[in-house]
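Residue-level listing of the chains:
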Amino acid sequence: MKYVDEFRDGALARKLLDEIRRTATRPSVIMEVCGGQTHSIVKYGLDELLPPQIELVHGPGCPVCVTALESIDRAHALARRPDVIFCSFGDMLRVPGSEGDLFRIKAQGGDIRVVYSPLDCLKIARANPGRRVVFFAIGFETTAPANAMSVWQARVEGLANYSVLVSHVTVPPAMAAILESPGNRVQAFLGAGHVCAVMGWEEYEPLAARYRVPIVVTGFEPLDLLEGILMAVRQLETGRYEVENQYARAVVREGNPEARRMIARIFEPCDRAWRGIGVIPASGYRLREEFAAFDATRLFDLGGIVSHEPEACISGLVLQGARTPLDCPAFGTQCTPETPLGATMVSSEGACAAYYNYGRRR
Ligand code: SF4
């Protein structure tokens, strides 16, 4: 398949690995930000092919995994209401809240619809004028433009029965939080290529300069990742800390200006709680005051929901790259994809699920 097969070429992978081995003279800890990158790395065993002085750690870039338990519990409270049609991307249905998941609520009679685009929710809202349609708007900057577009379009059409439960998170503040955390070991980042396809990389330049950390915008195929690692290692070896773009076939410096304009028109930055990590200042989006009529948190009484993570789960440390799934005592025993305790085991992009599905065992 064009743009896939040529990025999985074994001979080229060996050349890149040889070049990494020649270049790397000292220990390096590199974090891949995105869960999709984590899956490629584990699926193709890239981390095991690297020279031992290069350690890859997995970052907080899976949107399902980092959605706060409290946000999930709020979503579940809405999904249980008889007057609500609750719409969500499919990967949120198995994510455990404090009392089960959306599948269980659906089995108990909740009207829960899986959508592939938030614009599908508008069709549901038009077809059900007597019901209240709520969309669970989660994700990074990648999903934000379409989610924003749904609110914009609802306002254009005067759809008064549509609202969104916003739990968006943004990447650069999370990277800064990781770099400032006590005991941080991350020396370089592989930036998430799809996020940068929307946002570009201008906002990463102050991060690279302030924390003196190389950031390489990187794609998702094995050769993308190996080339991104090589670029990061070259920077570390030569004392540079710049933003470089490995994913040039998809990303330009300014990103997608129209998508960025749509995000800025509908959303504004806010503090956001990340699952297992806590509140990171200015790391989320919320609806602007102008769009309050579409804000589910204002339209429904969701106060009084207090959530507690399962004690056994260390996904917060996994999401910060401080531990691997293999460090979790529950991994593969109490916690499996069939019986997940934490979101990093549920999501197809979660590090725990990647380790489990691709046979990493203690
Ligand atoms: S294996 Fe399960 S319990 Fe352990 S960190 Fe991962 S999701 Fe949490």
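The structure displayed is predicted, hence computed values, not measured ones.

1. Here we look at the pairing of strand β1 (residues 28-34)
Logical step 1: Across the seven residues that make up β1, a large majority, seven, are buried.
Logical step 2: Here β1 pairs with strand β2 (residues 54-61) via six bridges, running parallel. Bridge assignment links Glu-32 to a residue of β2, and that residue is His-58.
Logical step 3: Where β1 and strand β7 (residues 188-192) come together, three bridges link them in parallel fashion. Across the sheet, residue Ile-30 finds its bridge partner in β7, namely Ala-188.

2. Let's talk about the environment of Asn-161
Logical step 1: Among the secondary structure elements, Asn-161 is positioned in the loop between α8 (144-157) and β6 (162-169).
Logical step 2: On the accessibility criterion, Asn-161 (13% relative accessible area) is buried.
Logical step 3: Spatially, the C-alpha atoms of Asn-161 and Val-133 are 5.9 Å apart, while their sequence positions differ by 28 residues.
Logical step 4: Excluding anything up to four places from it in sequence, Asn-161 contacts Ala-125, Asn-128, Pro-129, Arg-131, Arg-132 and Val-133.
Logical step 5: A polar contact is formed between the side chain of Asn-161 and the backbone oxygen of Arg-131, at a distance of 3.1 Å.

3. Some thoughts on the pattern of salt bridges
Logical step 1: With the rule as written, the count across this model stands at 27 salt bridges.
Logical step 2: Arg-22 is the salt-bridge partner of Glu-19, the closest N and O atoms lying 2.8 Å from each other. Of this pair, Glu-19 and Arg-22 both sit in helix α1 (residues 10-23), three residues apart, roughly one helical turn.
Logical step 3: Arg-360 serves as the salt-bridge partner of Glu-48, at 3.4 Å between the closest nitrogen and oxygen.

4. Things to note about the sheet that holds β2
Logical step 1: Ordered by their spatial adjacency, five strands build an open sheet running β2-β1-β7-β8-β9, and the pairing between neighbours is parallel. The two strands at the open ends of the sheet, each matched to only one other strand, are β2 and β9 (243-245). This sheet shows a mean twist of 25° between the axes of neighbouring strands, independent of strand direction.
Logical step 2: Here three bridges tie strand β8 (residues 215-218) to β9, and the two strands are oriented parallel to one another. Note that in β9 the partner of Ile-215 across the bridge is Val-243.

5. Re unusual backbone geometry
Logical step 1: Located in the positive-phi region is Arg-212, a residue other than glycine, with phi close to 50°.
Logical step 2: Arg-212 sits in the exposed class, given a relative accessible area of 57%.
Logical step 3: Its identity as a non-glycine residue notwithstanding, Ala-282 has a phi of 50°, on the positive side.
Logical step 4: Along the chain, Ala-282 falls in strand β11 (residues 278-287).
Logical step 5: Relative accessible area serves as the criterion here: at 40%, Ala-282 is assigned to the partly exposed category.

6. Some remarks on helix α12 (residues 222-238)
One full turn of an α-helix is made of 3.6 residues, so residues set three or four places apart face in the same direction.
Logical step 1: The end-to-end C-alpha distance of α12 is 24 Å, a good match for the 24 Å that 17 residues give at a rise of 1.5 Å each.
Logical step 2: Across the 17 residues that make up α12, a large majority, 14, are buried.
Logical step 3: Looking one or two residues past α12, Gly-239 carries a phi angle of roughly 75°, positive in sign.

Scoring rules and cut-offs
Residues numbered from 1 in each chain as written. Predicted model: local features only at pLDDT ≥ 70, side-chain atom pairs only at ≥ 80, totals over all residues. Heavy atoms only, no water. Buried < 20%, exposed > 50% of the residue type's maximum accessible area, 1.4 Å probe, protein only. Helix = DSSP H or I, 4+ residues; strand = E, 2+ residues; numbered from the N terminus. Pairing = 2+ DSSP bridges. Contact = heavy atoms within 4.5 Å. Polar contact = N/O pair within 3.5 Å; in protein donor to acceptor, adjacent residues only side chain to side chain. Salt bridge = Lys/Arg side-chain N within 4 Å of Asp/Glu carboxyl O. Axes fitted to C-alpha atoms, helices over the stretch in contact; angles between N-to-C directions. Expected span 1.5 Å × (residues − 1).

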